[in-house]
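Summary of structural features
Here are the chains, one letter per residue:
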Amino acid sequence: MKNYKNNLNHFFSLVESLEQLPTIGKKSAQKMAYYLSIDDKYLALKIAHCIENAIDYVKKCSICGGLSENEICEICSDENRNNGQLCIILHPKDIFTIEEIGEFEGQYFTIGELEKIDFTTFKKNIKEKNIKEIIFAFSPTLANDAIMLFIEDKLQGLDLTFSKIAQGVPTGIGLENIDQLSLSRAFSSRIKI
Ligand SMILES: [Zn+2]
């Protein structure tokens, strides 16, 4: 196998790169590499081009931390979304999940890494946007409850109510794995904390 591999450097470096993607194992990586290098070279070039563009243009919104191709995302710059509600999520991809339900009309803030949150700027944004309610859209785990308490504590002194999404959200799974109806119910029957 070693010698055989030696003559397929480019193929195996593609396999090894694909394998580094989340959720992709060795077998899937090999299948994809074969498909891209032999079965559909056109698709392969298209993907390569899309990756280059995504690297160049996709970034995080400087206000909410969601994905954007501009400095400030569509949601943060939409005055109609400034309704006094701010939904705090753990990961930018959670915005897609909540937007798909289409019922939340406020704005977002992404936690990302807790230590990196600039609370001075965050508080300033909350005041400027006249935010009245903070909604935590986390799945219930002990670690997530601790994050909620930490943030609530950091935002003490501001005129805010805090709530978290309610029942129907199973413990310990990401928001994207919850069906839309359950998530929609969890939003409308959110609990004050
Ligand atoms: Zn934004």
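Before reading on, note that the structure itself is shown above.
Residues numbered from 1 in each chain as written. Predicted model: local features only at pLDDT ≥ 70, side-chain atom pairs only at ≥ 80, totals over all residues. Heavy atoms only, no water.

Some words on the layout of surface pockets
Considered as a void within the structure, the largest pocket measures approximately 320 Å³ in volume. Lining the largest pocket are 17 residues, and of these Gly-65, Phe-109, Thr-110, Ile-111 and Lys-116 lie nearest its centre. For the lining of the largest pocket, the secondary structure elements donating two or more residues are strand E4 (107-110) and helix H6 (119-128). Sorting elements by how many residues they give to the lining of the largest pocket places H6 first, with three residues. A class-by-class count of the residues in the lining of the largest pocket yields seven nonpolar, six polar and four charged. The computed volume of the second largest pocket comes to approximately 240 Å³. Around the second largest pocket sit Leu-14, Leu-18, Leu-21, Met-32, Tyr-35, Leu-36, Ser-37, Lys-41, Ala-44, Ile-47, Ala-48 and Ile-51, which together line it. Elements with a contribution of two residues or more to the lining of the second largest pocket: helix H2 (9-19), helix H3 (26-39) and helix H4 (41-57). In terms of residue count, H4 provides more of the lining of the second largest pocket than any other element does, five residues in total. Here the lining of the second largest pocket is composed, by residue class, of 10 nonpolar, one polar and one charged. (1 Å grid on protein atoms, 1.4 Å probe; cavity = no way out; pocket = protein on both sides within 12 Å on 5 of 7 lines; lining within 4 Å. Points joined across faces, edges and corners; volume = space filled by probe spheres on them. Helix = DSSP H or I, 4+ residues; strand = E, 2+ residues; numbered from the N terminus. Nonpolar A, V, L, I, M, F, W, Y, C, P; charged D, E, K, R; others polar.)

A look at a nonpolar patch on the surface
Where nonpolar side chains cluster on the molecular surface, the patch consists of Tyr-57, Val-58, Leu-67 and Phe-96 and spans about 400 Å² of accessible area. Relative to the elements of secondary structure, Val-58 occurs in the loop between H4 and strand E1 (59-60). (Patch = residues over 30% accessible without salt bridge, like charges linked within 9 Å, V, L, I, M, F, W, Y side chains within 5 Å. Areas by Shrake-Rupley, 256 points an atom, 1.4 Å probe, with all protein chains shown as cover. Salt bridge = Lys/Arg side-chain N within 4 Å of Asp/Glu carboxyl O.)

Focus on the coordination of the zinc ion
Listed as protein donors to the zinc ion are Cys-61 (SG), Cys-64 (SG), Cys-73 (SG) and Cys-76 (SG); their distances from the metal cover 2.3 Å. Considering all four donor atoms around the zinc ion, angles at the metal cover 108 to 114° and the coordination shape is tetrahedral. Mapped onto the polypeptide sequence, the residues donating to the zinc ion form the spacing pattern C-x2-C-x8-C-x2-C. Taken as a pair, Cys-64 and Cys-73 share a single burial class, namely buried. (Donors = N, O, S within 2.8 Å, 3.2 Å for Na, K, Ca; no water. Tetrahedral: all angles 85-135°; square planar, octahedral: opposite > 155°, others 65-115°. Buried < 20%, exposed > 50% of the residue type's maximum accessible area, 1.4 Å probe, protein only.)

Re the side chain of Lys-129
Mapped onto the secondary structure, Lys-129 falls in the loop between H6 and strand E5 (133-136). For Lys-129, the side chain forms a polar contact with the side chain of Gln-107, separated by 2.8 Å. Residues in contact with Lys-129, not counting those within four places in the same chain, are Ile-63, Cys-76, Asn-82 and Gln-107. (Polar contact = N/O pair within 3.5 Å; in protein donor to acceptor, adjacent residues only side chain to side chain. Contact = heavy atoms within 4.5 Å.)

Regarding the packing of helix H5 (residues 93-101) against helix H8 (residues 180-188)
At their nearest, the axes of H5 and H8 sit 9 Å apart, and the two run at 85° to each other. Relative to H8, the element H5 lies roughly perpendicular. In contact with Thr-97, Ile-98, Glu-100 and Ile-101 of H5, H8 contributes Gln-180, Leu-183, Ser-184 and Phe-187. Across the contact of H5 with H8, the residue classes break down as four nonpolar, three polar and one charged. (Axes fitted to C-alpha atoms, helices over the stretch in contact; angles between N-to-C directions. Parallel < 35°, antiparallel > 145°, perpendicular 65-115°, else oblique.)

Quick look at empty space enclosed by the protein
What the rule picks out here adds up to one cavity of 30 Å³ or more. Approximately 70 Å³ is the volume attributed to the largest cavity. Taken together, Ile-63, Leu-86, Gln-107, Tyr-108, Phe-109, Phe-122, Asn-125, Ile-126, Lys-129 and Ile-131 form the lining of the largest cavity. Within the residue set of the lining of the largest cavity, elements represented by two or more residues are E4 and H6.

Observations regarding the environment of Ile-47
The topology assignment puts Ile-47 in helix H4. Along the chain, Ile-47 and Gly-66 lie 19 residues apart, while their C-alpha atoms are 23 Å from each other.

Shape is all these values report; function is a separate question.
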